[in-house]
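Read off the chains here:
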Amino acid sequence: MQHKLLEVTNLQTHFKTEDGVVPSVNGVSFSVSRGETLAIVGESGCGKSVTSLSIMRLVASPGEVVGGEILFEGQDLLKLGKKEMRKLRGNKISMIFQEPMSSLNPVFTIENQLGEVFRIHERLDKKQARQKSIAMLERVGIPNPERVVGYFPHQLSGGMRQRVMIAMALACNPALLIADEPTTALDVTIQAQILELMKSLNKAYQTGVILITHDLGVVAEMADRVVVMYAGEVVEDASVFDLFANPQHPYTTGLMKSLPKMDEQLEELDSITGSVPNPLEMPKGCAFHPRCPKATVECTQIKPQLEEYRANHLVRCLHT
Amino acid sequence: MSSFSPLHHRGGEVVRNYLIKSVLQIIPVLLLISLIVFILVRVTGDPVALMLPETASDEDRMVLTRALGLDQPIYVQYIKFMGDLLQGDFGTSYRYNLPALPIILERLPASFELAIASMIIATLISVPLGILSAVKRNSYLDIFITGASALGKAIPHFWLGIMLILLFAVRMKIAPVSGRGTFEHLILPALTLGVGIAAETTRLIRSSMLDILGQDYIRTARSKGLIETLVVCKHAFRNSLIPVVTIMALQSSALIGGALISETIFAWPGMGLLIVQAVNGRDMAIVQASIFVVAFIVILGNLIADILYRLLDPRIKYK
C-alpha cells in the first residue's frame, strides 16, 4: 500500500462557549495520498473549515483540538512544537482561503506579501524573493507579473487576488495544499480558470490537495476521493466515481438530488428538509435522523458507526 | 518597508493637485473663524472699562473708545478688522503694548516643544500597552491595562500635575517645579499631558488591534508560517495604526493651544498660558490672534492627519 501523505484519525476539535462545548469536529478520520485530491463536502457548519484549520493548527480561540492524531508524512502535527509547526506552514503544508478579497493584507504590496514566504522559508534576500515572486505570479497565469508584483491588493480583481493567494500557497512547493472553498467567492468563468489552474499544478507537482467545498460540480471536476461530512462527522467516504454512481448515505443522496440535471425538466429542485442541528442539542442516535427520509425507530436510539460498505467505500448508516 | 510607496506609483501630479485643493479649502474656514472671533470678542465685555482705572472720566473713556475705533458701526469695525488681518495685523496688545501676532509666535516654540514631548511620551506608553492588551485579551494583564487607562483618562490634569510636582519636584527634588529652559523642565508638564493622551490612545490601539487581529489576512499571515511577532507587529499593527494615527495627529494639533491647565500649573510659557492670561485681562488683540493661530494649526493638523492616513492606507484615493 502506498504511504499516505496525510492521515487524520479521530480528530476532535471543540469550541468552548458560554452555552457549553460545541464539538465542531467530532471524531473525523480520512487520509490523503501524494498527488491525490480529496474533496470534503457538506453544508455550512458541518465542520469542514474547522477540520482544515485544525490540520494547520490555526483554530482560533475558543476552539481547540482536543483529541485525535494528524499524521503528516508520518509525523503527528498535534505533537509538534510551535516553531516546528511554523516551519511546515506555508512551506510543506499551505492553505488557500475562501475570501480572496479579504485574505490579502491591504497595506502591503504583492511583492511584500508573496516574497515574505521566500524570505522566511528559503531565507532569500529581498532581490531574490522578488525574482521568485515574479516567477510564481507567472506560473499562476498572471499577465504582466513584473508590474503586478508592485501592486497593492485593491488594484487587483477577485480572480487575480485568488491567483496571488494560490501563488503564495504554492511558493515553496508544498506537499499538501488545503483549499477552503477557493472559488466560492468568484464568478463562474473565473471559478473554472482557478480550478483548472489548481488541477494542472496538482498534476505537475504531485501535490496532495484537500478541497473543501459544498459544490458537487466542483467535486466531480476535481476530486479523486470524497469525504462527506455532516454535523462534525464523516458520513461517507468513497472514490469520486463510486460516490456519484452509488451514493449510500441518505444525506449524500439528498445532496445529489439537490443538483440540477441537464437531461431533466424540473419545476423545483429537491432539497433536504430541515437544517443542520444545533450542535449544543445533537439528536440522540444518528445525527441525521430528524431529516432522513429512511429514518426508523432504531435510528433515533443507536448511533451508527462509519463502516465499510465495500472496499474503499465507508458509510455511517444503519440501513446500508 | 521600502516597497510601500503609494505616493510614488500614483504620480506626483495627483498628489500636488490634492494638496493645492486642501490648502484652498482652508480659506473659507479661516474666514468663518475670523467672523466668529470678531463677534465673540465684542460681545463679551467693554475693553475700555478694563483698560482705564475706575476713576477715569467719561471724557477719557470717549477718547479711548474713539482711538480704538469702537465708536464706529459694527460692520465698519469688521471691514477694518479684516483689512488689518490680511496685512498680518492682529491689533496691538493692551497689556504688552506690542503687536499681538509676534507675541504669540514667540510662544509657539514652547507650545510645540510641549506638544511633541507629550505625544512622544503618549506613544511610548500606548503602543506597547495597546498591542499587549489586544494580543493577551481578557488576561489579567489586559484587565490591568484597560483599568489603568480608564484611570488615566479619569484623572484630571490639574490634580495629576500637582501630584507630580509634589512627588518629583518637592519631595524627590529631581525636577524643577515650573518654568521652561532645560530638558528637566519639560518632563513633568509633558508627563501630565502625555498620560492622559496615552490612556485614550491605549484603548484606541487595543480596540483597533482586536478588530484587525480577527481579519482574514491575519489568518493568511499565520498560514504562511510567520512568527507571531511579525504577524502582530507587521501585519496587524500597520493596519491598526490607520485610525490611531489620524486621531493622534488631531490631538497633537489641539494640544498646541489646548494645554491650558498644564501650562498654567507649570508656568509653561506656551500659547495656552498666554490665552488664559489674555482672556482674564481682556486683552482682545491677543485673544483674537491666538484663536486664529490655534485654528490655523488645528487645520494644518487635520491636513497632516489626512496625508498620514493616505500614506498608511493605499486604498484611499486622491481626489
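Residues numbered from 1 in each chain as written. Chains lettered and ligands numbered in written order. Predicted model: local features only at pLDDT ≥ 70, side-chain atom pairs only at ≥ 80, totals over all residues. Heavy atoms only, no water.

As recorded in an unreviewed UniProt entry, chain B goes by Peptide/nickel transport system permease protein and comes from Brevibacillus centrosporus. As stated in UniProt under Sequence similarities (unreviewed entry), the record for chain B gives "Belongs to the binding-protein-dependent transport system permease family." (UniProt positions renumbered as here; feature names shortened; annotations may be inferred.)

Looking at an unreviewed UniProt entry, chain A carries the name Oligopeptide transport system ATP-binding protein, with the source organism given as Brevibacillus centrosporus. Listed in UniProt under the heading Sequence similarities (unreviewed entry), the comment for chain A reads: "Belongs to the ABC transporter superfamily." In UniProt, chain A has this text filed under Subcellular location (unreviewed entry): "Cell membrane".

Draft legend 1. Molecular detail of the overall build of chain B. Each helix and strand counted, chain B has 14 helices and zero strands in total. N-terminal to C-terminal, the α/β element order of chain B is α-α-α-α-α-α-α-α-α-α-α-α-α-α. Oriented by its inertia axes, the alpha-carbon framework of chain B measures out at about 85 × 60 × 30 Å. Of the roughly 16500 Å² of accessible surface on chain B, 68% is carried by carbon and sulfur atoms. (Helix = DSSP H or I, 4+ residues; strand = E, 2+ residues; numbered from the N terminus. Areas by Shrake-Rupley, 256 points an atom, 1.4 Å probe, with all protein chains shown as cover.)

Draft legend 2. Layout of the domain arrangement of chain A. Residue and element names in this part refer to chain A. When cut into domains, chain A gives domain 1 (6–92 + 172–315) and domain 2 (104–171). Residue-level contacts link 18 residues of domain 1 with 13 residues of domain 2. Both sides together, the interface formed by domain 1 and domain 2 hides about 1300 Å², and carbon and sulfur atoms give 65% of it. By the criterion of area lost to domain 2, the three top residues of domain 1 are Cys 172, Leu 197 and Leu 201, representing 37% of everything that side buries. At the junction of domain 1 and domain 2, the tally comes to zero salt bridges. Scanning the region where domain 1 abuts domain 2 turns up eight residue pairs in polar contact (both at pLDDT 80 or more). Per element, the largest residue contribution to the side of domain 1 that touches domain 2 is seven residues, and it comes from helix α7 (residues 188–205). (Domains from an automatic or database assignment. Contact = heavy atoms within 4.5 Å. Buried area = accessible area lost by both parts, 1.4 Å probe. Salt bridge = Lys/Arg side-chain N within 4 Å of Asp/Glu carboxyl O. Polar contact = N/O pair within 3.5 Å; in protein donor to acceptor, adjacent residues only side chain to side chain.)

Draft legend 3. Spatial organisation of the confidence of the model for chain B. Residue and element names in this part refer to chain B. Looking at chain B as a whole, its pLDDT mean stands at 86, while 95% of the residues score no less than 70. The lowest-confidence element of chain B is helix α1 (residues 6–9), averaging 46 in pLDDT; the highest-confidence one is helix α7 (residues 140–154), averaging 95. Considering only residues more than four positions removed or in separate chains, one finds that residues 1–9, a stretch of pLDDT under 50, has 20 contacts. At the level of chain-chain contacts, confidence expressed as ipTM amounts to 0.88, with global pTM at 0.82. (pLDDT = per-residue confidence, 0-100.)

Draft legend 4. Examining the pattern of salt bridges more closely. Residues and elements named next belong to chain A. On inspection of all chains with the given rule, the structure shows 24 salt bridges over all chains. With a shortest N-O distance of 3.3 Å, Glu 181 and Lys 48 are connected by a salt bridge. Of the two residues, Glu 181 sits in the loop between β7 (176–180) and α7 while Lys 48 sits in helix α1 (residues 48–56), which places them 133 residues apart along the sequence. Accessibility expressed as a relative area gives 6% for Glu 181, which makes it buried. Using a relative accessible area of 3% as the deciding quantity, one classes Lys 48 as buried. Its salt-bridge partner being Glu 111, residue Arg 130 comes within 3.0 Å of it at the nearest N-O pair. Separated by 19 residues along the polypeptide, Arg 130 in helix α4 (residues 126–139) and Glu 111 in helix α3 (residues 110–121) bring together distant segments of the chain. (Buried < 20%, exposed > 50% of the residue type's maximum accessible area, 1.4 Å probe, protein only.)

Draft legend 5. How the structure looks around a nonpolar patch on the surface. Residue and element names in this part refer to chain B. Residues Phe 158, Trp 159, Ile 162, Met 163, Leu 166, Val 170, Val 177, Leu 260 and Ile 261 make up a contiguous nonpolar surface patch of roughly 760 Å² in combined accessible area. Elements supplying a minimum of two residues to the nonpolar patch: α8 (157–171) and α12 (260–265). No other element matches the six residues that α8 contributes to the nonpolar patch. (Patch = residues over 30% accessible without salt bridge, like charges linked within 9 Å, V, L, I, M, F, W, Y side chains within 5 Å.)

Draft legend 6. Broad picture of α4(A). Residues and elements named next belong to chain A. In this model α4 runs 20 Å from its N-terminal to its C-terminal C-alpha over 14 residues, within 8% of the 20 Å that 1.5 Å per residue would give. Tucked into the core, α4 has its buried residues touching α3, α5 (145–148) and α6 (158–170). At the N-terminal end of α4, a side-chain oxygen is found 3.1 Å from the backbone nitrogen of Lys 127, two or three residues along, and the residue is Asp 125. The first or second residue beyond α4 is Gly 141, which carries a positive phi of 80°. (Expected span 1.5 Å × (residues − 1).)

Draft legend 7. Representation of the environment of B:Asp283 within the structure. Residue and element names in this part refer to chain B. Structurally, the position occupied by Asp 283 is in the loop between α13 (271–280) and α14 (284–312). Remark: the alpha-carbon pair of Asp 283 and Thr 92, spanning 191 residues in sequence, is separated by 9.0 Å. Discounting residues that sit within four places of it in the chain, Asp 283 has contacts with Ser 93, Tyr 94, Arg 95, Tyr 96 and Ala 278.

Draft legend 8. Quick look at the UniProt feature "domain: ABC transporter" (unreviewed entry) in chain A. Following the UniProt record, one finds the feature "domain: ABC transporter" (unreviewed entry) at residues 6–256 of chain A. End C-alpha to end C-alpha, residues 6–256 of chain A measures 28 Å, and it is 39% helix and 28% strand.

Draft legend 9. Just the packing of α8(B) against helix α9 (residues 183–213) of chain B, in detail. Residues and elements named next belong to chain B. Across the interface, α8 lies against α9 with an axial gap of 9 Å and an inter-helix angle of 140°. In terms of their interaxial angle, α8 and α9 are classed as oblique. The chirality of how α8 crosses α9 is right-handed. Of the residues in α9, those touching α8 at His 157, Leu 160, Gly 161, Leu 164, Ile 165, Phe 168 and Ala 169 are Leu 188, Leu 191, Thr 192, Leu 193, Val 195 and Gly 196. Its residues placed into classes, the contact of α8 with α9 shows nine nonpolar, four polar and no charged. (Axes fitted to C-alpha atoms, helices over the stretch in contact; angles between N-to-C directions. Parallel < 35°, antiparallel > 145°, perpendicular 65-115°, else oblique. Left-handed = near helix turned anticlockwise from the far one by under 90°. Nonpolar A, V, L, I, M, F, W, Y, C, P; charged D, E, K, R; others polar.)

Draft legend 10. Molecular detail of the packing of α13(B) against α14(B). All names here are of chain B. Direction vectors running N to C along α13 and α14 enclose 145°, while the axes themselves pass 9 Å from each other. Of the two possible hands of crossing, α13 and α14 adopt the one that is left-handed. Across from Met 271, Leu 274, Ile 275, Ala 278 and Val 279 in α13, the residues of α14 making contact are Ile 286, Val 287, Ser 290, Val 293 and Val 294. Of the residues in the contact of α13 with α14, the class split is nine nonpolar, one polar and no charged.

Draft legend 11. Representation of the interface of chain A and chain B within the structure. Taken together, the contact between chain A and chain B spans 30 residues of the former and 29 residues of the latter. For the pair chain A and chain B, the summed buried surface comes to about 2500 Å²; carbon and sulfur atoms form 58% of the total. If you sort the residues of chain A by the area they bury against chain B, A:Val107, A:Phe108 and A:Glu116 come out on top, with a joint share of 21%. Here chain A and chain B share three salt bridges between them. At the junction of chain A with chain B, the criterion picks out 14 residue pairs in polar contact (both at pLDDT 80 or more). At the level of secondary structure, the elements contributing two or more residues to the side of chain A that touches chain B comprise α1, α3 and α6 of chain A.

Draft legend 12. Spotlight on the side chain of A:His14. Inspection of the secondary structure puts A:His14 in strand β1 (residues 6–17). Residues contacting A:His14, with those up to four places away along its chain left out, are A:Val21, A:Val22, A:Pro23, A:Ser24, A:Val25, A:Asn26, A:Pro62, A:Gly63, A:Glu64 and A:Val66.

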